[in-house]
Amino acid sequence: MIRAFLIKNLLSADKKTKKRLKFFSELGIFFVLAALISSGISIFFENKLNEKKSRIIKLELEEFKIQEWLTDAPSRNLNNKIGKFNFDTIENYSFFNISKKRYYFYLLRWYPLTINYAIDDIELIDNDELKKKYNFKKIKDTNQAALNYIYAISDKLPSNKDEYLTKEEIEEIEKVFIDIPFKEIIFHLDQSEFNTLQINLFFQEYNSIVDKEKEIITKQIIEMTNKSTNAILYAFIFQLVIFSLVQVFELREIS
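Residues numbered from 1 in each chain as written. Predicted model: local features only at pLDDT ≥ 70, side-chain atom pairs only at ≥ 80, totals over all residues. Heavy atoms only, no water.

**Digging into helix 5 (residues 167–178)**
Point 1. If you check helix 5, its first and last C-alpha atoms are 17 Å apart, about what 12 residues at 1.5 Å a residue would give, namely 16 Å.
Point 2. All buried positions along helix 5 are accounted for by Glu 169, Ile 170, Ile 173, Glu 174, Val 176 and Phe 177. The buried residues of helix 5 all sit within an arc of 150° when viewed along its axis, so they share a single face. With respect to the buried face of helix 5, the exposed residues turned more than 90 degrees away are Lys 167, Glu 168, Lys 175 and Ile 178. (Helix = DSSP H or I, 4+ residues; strand = E, 2+ residues; numbered from the N terminus. Expected span 1.5 Å × (residues − 1). Buried < 20%, exposed > 50% of the residue type's maximum accessible area, 1.4 Å probe, protein only. Arc of directions from axis to C-beta.)

**A few points about helix 4 (residues 136–154)**
Point 1. For helix 4, spanning 19 residues, the distance from its first C-alpha to its last is 27 Å, which sits close to the expected 27 Å at 1.5 Å a residue.
Point 2. Within the span of helix 4, buried status applies to Phe 136, Ile 139, Thr 142, Asn 143, Ala 146, Leu 147, Tyr 149, Ile 150 and Ile 153. Down the axis of helix 4, the sector holding all buried residues measures 160°, keeping them to one side.

**Structural notes on the packing of helix 2 (residues 100–123) against helix 4**
Point 1. Relative orientation of the contacting elements helix 2 and helix 4 amounts to 140°, with a least axis distance of 9 Å. Comparing their axes, helix 4 and helix 2 come out oblique. Here the hand of the crossing between helix 2 and helix 4 comes out left-handed. Here helix 2 contributes Phe 105, Leu 108, Arg 109, Pro 112, Leu 113, Ile 115, Asn 116, Ile 119, Ile 122 and Glu 123 to the contact with helix 4, which in turn contributes Phe 136, Ile 139, Lys 140, Asn 143, Ala 146, Leu 147, Tyr 149, Ile 150, Tyr 151, Ile 153 and Ser 154.
Point 2. Here the contact of helix 2 with helix 4 is built from residues that sort into 15 nonpolar, three polar and three charged. (Axes fitted to C-alpha atoms, helices over the stretch in contact; angles between N-to-C directions. Parallel < 35°, antiparallel > 145°, perpendicular 65-115°, else oblique. Left-handed = near helix turned anticlockwise from the far one by under 90°. Contact = heavy atoms within 4.5 Å. Nonpolar A, V, L, I, M, F, W, Y, C, P; charged D, E, K, R; others polar.)

**What about the nonpolar core?**
Point 1. Judged by nonpolar contacts, the single largest core of 37 residues is most densely connected at Phe 177, Phe 202 and Phe 203.
Point 2. When contributions to this core are tallied by element, the ones reaching two or more residues are helix 1 (2–90), helix 2, helix 4, helix 5 and helix 6 (182–254).
Point 3. Counting residues per element, this core draws most heavily on helix 2, which supplies 10 residues.
Point 4. Sequence-distant contacts of Phe 177, that is, excluding residues within four places in its chain, are made with Lys 101, Arg 102, Phe 105, Ile 153, Leu 157 and Ile 185. (Core = buried A, V, L, I, M, F, W, Y, C linked by side-chain atoms within 4.5 Å.)

**Examining the layout of surface pockets**
Point 1. Computed from the structure, the largest pocket encloses a volume of approximately 190 Å³.
Point 2. Every element with two or more residues in the lining of the largest pocket is listed here: helix 1 and helix 6.
Point 3. Considered class by class, the residues forming the lining of the largest pocket number six nonpolar, one polar and five charged. (1 Å grid on protein atoms, 1.4 Å probe; cavity = no way out; pocket = protein on both sides within 12 Å on 5 of 7 lines; lining within 4 Å. Points joined across faces, edges and corners; volume = space filled by probe spheres on them.)

**Considering the packing of helix 2 against helix 5**
Point 1. One can describe the packing of helix 2 onto helix 5 by two numbers: an axis separation of 9 Å at closest approach and a directional angle of 85°. One finds that helix 2 runs roughly perpendicular with respect to helix 5. Together, Lys 101, Arg 102, Phe 105 and Tyr 106 of helix 2 and Ile 170, Ile 173, Glu 174, Phe 177 and Ile 178 of helix 5 make up the contact between the two elements.
Point 2. A class-by-class count of the residues in the contact of helix 2 with helix 5 yields six nonpolar, no polar and three charged.

**A few points about the environment of Lys 84**
Point 1. Within the secondary structure layout, Lys 84 lies in helix 1.
Point 2. Separated by 20 residues in the primary sequence, Lys 84 and Tyr 104 have C-alpha atoms spaced 7.7 Å apart.
Point 3. Beyond its immediate chain neighbours, meaning those up to four positions away, Lys 84 contacts Tyr 104, Leu 107, Leu 189, Asp 190 and Glu 193.

**Considering the packing of aromatic side chains**
Point 1. Across all of its chains, the model carries 10 aromatic pairs by this definition.
Point 2. Summarising the aromatic geometry, the rings of Phe 87 and Tyr 104 are spaced 6.2 Å apart at their centres and angled 85° between planes, so their arrangement reads as edge-to-face. Taken together, the residues Phe 87 in helix 1 and Tyr 104 in helix 2 connect sequence positions 17 residues apart.
Point 3. Judged by centre distance (5.4 Å) and plane angle (65°), the rings of Tyr 104 and Phe 182 are edge-to-face. With Tyr 104 in helix 2 and Phe 182 in helix 6, the pair connects residues that are 78 residues apart, well separated along the chain.
Point 4. Taking the relative accessible area as the measure of exposure, Phe 182 reaches 27% and is therefore partly exposed.
Point 5. Of the aromatic side chains, those joined through ring pairs into one cluster are Trp 69, Tyr 134, Phe 202, Phe 203 and Tyr 206. (Phe/Tyr/Trp six-rings, centres within 6.5 Å; stacked < 30°, edge-to-face > 60°.)

Okay, structure coming up:
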């Protein structure tokens, strides 16, 4: 009798120990799975968020370029107008030994190289609709024509390595401009001024597009962050429900 009682107690104790071990094992598995699922969800959303953040950084770098041209383009046109005004002021003074053709040619020389830098930046922008709207191809063609015109005249000018021109050198330069039609210089100068205006308008509109895209991406980042938090919470609750149901069924089976 005593022996049977002891064996019964030992078996009962052994069953309780096994039950405890099983419960803690399942609890451990539950937390491990919860951690793995949470990590998987976090990695998935983190990759998506990194893509969005990379796009935001790229757009912010684009804005540096945009702001530069929103300043430089109007500044170039303003300098051109100031230059014309200055010549009108000094034109009647005999001690300024420069013809109107040569002076306006010098104003023209500043334009095409500046516009070329803008062309390089615009070509990197993936927006064919905006390029078509502001006739980007015509800007390139007319600017190249202005460059060719400047190079053609510059090749005729005498080379001078000194800082100051002598009277004889100035007279030689002025001779080159005698046979050059003033209307040709004005044509390229006005076209360059117009091209610079178009470049400014292009970057103004592109700036609005970039701002809107940044706003959309920022909202998407906030939404994805909320979805990530909710997904982890729902996954944990789902696992907790499954774990609880398993324990309930096991208790019923034991009963």
